[in-house]
Amino acid sequence: MKQFKYLLSSALVAITLTAAPSASAFCGFYVAKADTDLFNQSSKVALVRDGDRTVITMANDYIGDPTEFAMVIPVPTVITKDQVHISDAGLLDHLDAYTAPRLVEYFDDNPCERRYRKEMAMRSSVQMAPMMDSAFEEAENLGVTIEESFSVGEYDILILSAKESDGLQTWLESNGYRVPKKAVKTLGSYIKQDMKFFVAKVNLEEKAKQGGEMLRPIAVAYESPKFMLPIRLGTVNANGDQDLFVYTLTKNGKVETTNYRTQKIPSDKELPIFIKDDFGDFYKDMYKTSANRQGGHGVFMEYAWDMNWCDPCAADPLSDDQLKELGVFWLDEGRNDQPMPMPRSMRPKQMAKNVYVTRLHVRYDAESFPEDLKFKETGDRQNFQGRYILRHAYDGEMDCPEAEKYKQEVNARKETEIKTLANLTGWETKYIRTKMKASGKGELFDLDEPKKRVDWWNKIWPSDED
Amino acid sequence: MAGISQYMQKRGALISALLADPRHYQIIVLSSLILLGTFHFAFQLPWWHVVACVGSTVGTQAIADKIIGRRFDARSPLISALSLTLLLRTGSVTLSVAAGILAISSKYIVRWRGKHIFNPANFGLVILSLLFTGAWISPGQWGTAPIFALFLLGMGGIVTGKAKRWDVSIALLVSYAALLFGRALWLGDPLTIPVHQLQSGALLIFAFFMISDPKTTPDARLGRVLYAILVATLGFTIQFAFYNAAGIILALILTAPIVPLFDRLFPAGRIHWPNFQISKTGVSHETVQIPAE
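The present account deals with the structure reproduced in this document. All values reported here derive from a predicted model rather than from experimental measurement.

1. Things to note about the side chain of Lys414(A)
Residue and element names in this part refer to chain A. Assignment of secondary structure puts lysine 414 in helix H8 (residues 402-425). Glutamate 417 provides the closest opposite charge to the buried, salt-bridge-free lysine 414, at an N-O distance of 4.5 Å. Beyond its immediate sequence surroundings of up to four residues, lysine 414 is in contact with Ile273, Arg391, Ala393, Gly442, Glu443 and Leu444.

The structure is reproduced here in structure tokens:
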């Protein structure tokens with residue numbers, strides 16, 4: 001029996017090392033971080049949208065017996081073979097890397113000799129892939145019509161329409177899809193909304209020819225006024241929360257959900273240095289804490305940026321070829337008419353692309369997200385990124401009167417960082433201090449003599465002191 | 001002591017005089033919502049956008065009043081500006097100003113039998129979001145927090161109760177809810193779906209602060225109720241058949257031109273805003289408050 005599975009699990013990303021051109025006192029490099037999965041049970045979907053035209057790419061990190069793989073997705077229109085494309089898994093990984101929340105490091109100058117500054121950034125690897133189950137076969141006295149039947153790459157695909165849910169369910173079951181009982185109502189709702197069903201399973205021969213363990217992402221292009229993502233089937237038999245990453249690529253600006261509130265993930269926070277080794281845990285707990293403050297679920301914007309650049313870059317912006325592969329169909333339109341999008345000198349010198357990327361991280365379950373996700377493109381081009389900052393204190397020799405004051409400032413700063421971290425993650429300050437100590441990084445300065453504060457009244461009667 | 005109680009009495013009288021005009025409630029509630037949106041919901045709403053929008057509506061009203069020789073009153077344009085800033089999202093202050101000018105000028109230009117046709121904020125909002133990609137309506141920005149929904153309901157009840165236009169708000173919400181529940185039952189969806197759809201901050205703001213405007217709704221109660229049902233039905237259709245989340249807001253501008261028809265079918269007295277000294281006499285019809293001029 002094939003599994004009726006909508007979503008799979010997550011995997012971590014490898015990293016890119018990019019040397020950024022030096023500009024002002026800002027130079028940076030980005031380091032990889034080998035991590036375990038940050039979010040289990042999560043899916044990745046890229047949505048390219050302009051007008052009614054949509055290209056959806058669904059990543060698939062299904063690892064296992066290909067005969068067990070099957071997926072069922074409601075789609076707004078009948079899909080023909082030409083509208084389906086097998087994409088490259090690396091693409092979504094790259095998009096994920098480019099948009100991932102990032103950790104930035106700054107190094108304090110020697111307070112005695114302010115000379116240079118260095119910065120380093122590291123990105124959190126948050127990653128995953130979605131997918132579902134597949135199937136196939138004949139009959140249709142059940143009111144099920146096979147609108148299209150074709151194979152693309154390693155997938156055998158059918159596009160079904162149905163008159164009623166019981167028939168569809170019977171058909172799916174007799175064709176090897178294990179559909180949870182509770183899904184019947186949801187299927188019925190989709191049928192009445194005139195949705196079709198995209199069902200796919202793996203063609204073993206083709207898979208063998210193609211080799212490799214992973215199944216490649218499926219991209220589907222269609223035209224429909226519905227700008228949405230069906231999540232209801234996936235919640236029917238899911239236990240607990242699911243994480244979904246939606247990367248939208250649009251022409252004008254940010255994408256937000258219209259039937260749920262889209263909020264920004266906390267960003268630009270200064271954190272203790274040891275987070276460098278615990279960035280994955282930090283991010284996971286911070287996300288969880290943010291979601292818990294909204295009742296445990298929500299739509300969080302983790303990144304929204306003009307695809308022409310990034311600062312700091314967790315990965316290079318996607319190339320034209322990559323964007324085309326993802327379905328950005330307007331790339332060549334009036335290219336030269338587009339103003340060169342501004343900012344920093346770090347921007348790659350290439351022709352401006354009219355592409356805006358939004359990364360939404362959705363944590364949901366059936367109860368808190370009863371409705372499918374509905375989206376809307378806005379004209380908002382204000383860039384946003386999940387960015388977390390480490391500020392290294394100067395750790396060399398300091399031999400000047402300013403040093404003491406500097407150390408006091410650093411200690412005060414570090415105390416604030418501990419509070420920020422506790423607030424963001426829900427970690428106890430005691431735990432944070434222990435971690436800090438254990439890491440041996442970014443500890444407080446030992447001040448020579450705890451300097452007595454000099455108040456103005458001490459200065460009026462200095463002789464009375466002591 | 002007598003002095004103090006006299007003072008308190010005076011003060012009480014002043015407060016009730018202030019609150020007698022429903023527009024004051026509206027201004028207070030809308031301003032609180034803006035503060036809440038900015039500080040609690042982190043809307044991207046810089047204060048200068050609010051100032052610019054208020055400036056443009058009040059300024060337009062002042063100029064227009066001067067031209068037609070009417071006494072200037074800043075309260076109505078202030079309410080329009082607050083509604084606009086609550087529902088229109090834009091990164092451009094120029095568009096905020098444009099929305100304000102457009103909203104108020106529509107009051108003076110598009111008129112029929114002494115009544116303006118379009119709800120000014122609704123007009124500015126829809127025209128701007130249709131014409132410019134840099135301006136849009138953000139129906140999801142308020143989320144669905146049920147407590148917040150209740151809070152809005154309570155506040156809205158007071159406001160529209162004062163304005164004697166709670167009937168249009170309730171009729172709209174009830175008919176819209178009936179459509180949502182009907183749809184869910186037809187689709188076999190769990191009822192959590194229509195409940196979720198009703199807990200929309202944008203819907204409630206619309207119901208309590210936009211469609212309830214006494215100047216642009218039909219004069220008679222029956223007319224208003226029928227009108228609200230029409231707006232709900234059209235808004236529902238736009239939302240679910242044409243997949244535009246701002247359906248209800250579009251429905252208002254589309255149906256506004258037939259309000260005169262409702263007034264013809266169901267004639268009734270027209271509302272006038274009260275003056276600062278509230279006249280306790282002369283309220284001869286429930287929708288008529290005679291200005292004490």
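2. Focus on the interface of chain B and chain A
With 26 residues of chain B at the contact, the number on the chain A side is 25 residues. Counting across the interface, chain B meets chain A through one salt bridge. One salt bridge in this structure joins Asp189(B) and Arg232(A), with 2.9 Å as the shortest N-O distance. In this assembly, chain B and chain A are joined by nine residue pairs in polar contact (both at pLDDT 80 or more). Among the elements of the structure, strand E4 (135-137), helix H8 (166-187) and helix H9 (192-198) of chain B are those that each provide at least two residues to the side of chain B that touches chain A. In terms of residue count, the dominant contributor to the side of chain B that touches chain A is H9(B) (four residues). Of the residues belonging to the side of chain B that touches chain A, the class tally is twelve nonpolar, twelve polar and two charged.

3. A few points about the state of the cysteines
Residue and element names in this part refer to chain A. Inspection of the entire model under this criterion finds two disulfides over all chains. Here cysteine 112 is linked by a disulfide to cysteine 400, with a sulfur-sulfur distance of 2.2 Å. On the S-S bond that ties cysteine 112 to cysteine 400, the torsion sits near -75°, and the link is left-handed. Of this pair, cysteine 112 sits in the loop between strand E7 (102-107) and strand E8 (118-123) while cysteine 400 sits in the loop between strand E23 (387-392) and H8, and the two are 288 residues apart along the sequence. Between the sulfur of cysteine 310 and that of cysteine 313 lies a disulfide, 2.0 Å long from S to S. Because the torsion about its S-S bond is 95°, the bridge between cysteine 310 and cysteine 313 counts as right-handed. Given a relative accessible area of 11%, cysteine 313 falls into the buried group. When the cysteines of chain A that form disulfides are numbered from the N-terminus onward, they connect as 1-4, 2-3.

4. Let's talk about the environment of Leu323(A)
Residues and elements named next belong to chain A. Relative to the helices and strands, leucine 323 is located in helix H7 (residues 320-326). Overall, the relative accessible area of 0% leaves leucine 323 in the buried class. Taking the C-alpha atoms as reference points, leucine 323 and valine 355, 32 residues apart in sequence, are found 8.9 Å from one another. Sequence-distant contacts of leucine 323, that is, excluding residues within four places in its chain, are made with Leu249, Met307, Leu318, Val328, Leu331, Lys353 and Val355.

5. Quick notes on the packing of helix H2 (residues 22-39) of chain B against helix H4 (residues 75-87) of chain B
Residue and element names in this part refer to chain B. Following both chains from N to C, one finds H2 and H4 inclined at 25°, their axes separated by 10 Å at the closest point. Between H2 and H4, the crossing angle belongs to the class labelled roughly parallel. For the pair H2 and H4, the sense of crossing is left-handed. On H4, the residues that touch Arg23, His24, Gln26, Ile27, Leu30, Ser31, Leu33 and Ile34 of H2 are Arg75, Ser76, Leu78, Ile79, Leu82, Ser83, Thr85 and Leu86.

6. Some thoughts on the sheet that holds strand E16 (residues 255-257) of chain A
Taking strand neighbours across the sheet as the criterion, the three strands line up as E14-E21-E16 (chain A) in an open arrangement whose pairing is antiparallel. For this open sheet the edge positions go to strand E14 (228-229) and E16 of chain A, each flanked by a neighbour on one side alone.

7. Observations regarding the pairing of E23(A)
Residue and element names in this part refer to chain A. Counting buried positions along E23 gives five out of six residues, so the element sits mostly inside the fold. Bridge count between E7 and E23: six bridges; the pairing is parallel. Along E23, the bridge assignment pairs phenylalanine 107 with histidine 392. Two strands pair when backbone bridges link them, and strand E18 (residues 269-271) and E23 are joined in this way by three bridges, in the parallel orientation. Paired with lysine 269 across the two strands is tyrosine 388, which belongs to E23.

8. Things to note about a nonpolar patch on the surface
Residue and element names in this part refer to chain A. Taken together, the side chains of Trp456, Trp457, Ile460 and Trp461 define a hydrophobic patch exposed on the protein surface, amounting to about 520 Å² of accessible area. By the element assignment, tryptophan 461 lies in the segment after helix H10 (456-460). Judged by relative accessible area, tryptophan 461 falls into the exposed class, the value being 52%.

What counts as what
- Residues numbered from 1 in each chain as written.
- Chains lettered and ligands numbered in written order.
- Predicted model: local features only at pLDDT ≥ 70, side-chain atom pairs only at ≥ 80, totals over all residues.
- Heavy atoms only, no water.
- Helix = DSSP H or I, 4+ residues; strand = E, 2+ residues; numbered from the N terminus.
- Buried < 20%, exposed > 50% of the residue type's maximum accessible area, 1.4 Å probe, protein only.
- Lys, Arg positive; Asp, Glu negative; His and termini not counted.
- Salt bridge = Lys/Arg side-chain N within 4 Å of Asp/Glu carboxyl O.
- Contact = heavy atoms within 4.5 Å.
- Polar contact = N/O pair within 3.5 Å; in protein donor to acceptor, adjacent residues only side chain to side chain.
- Nonpolar A, V, L, I, M, F, W, Y, C, P; charged D, E, K, R; others polar.
- Disulfide = S-S within 2.5 Å.
- Axes fitted to C-alpha atoms, helices over the stretch in contact; angles between N-to-C directions.
- Parallel < 35°, antiparallel > 145°, perpendicular 65-115°, else oblique.
- Left-handed = near helix turned anticlockwise from the far one by under 90°.
- Pairing = 2+ DSSP bridges.
- Patch = residues over 30% accessible without salt bridge, like charges linked within 9 Å, V, L, I, M, F, W, Y side chains within 5 Å.
- Areas by Shrake-Rupley, 256 points an atom, 1.4 Å probe, with all protein chains shown as cover.

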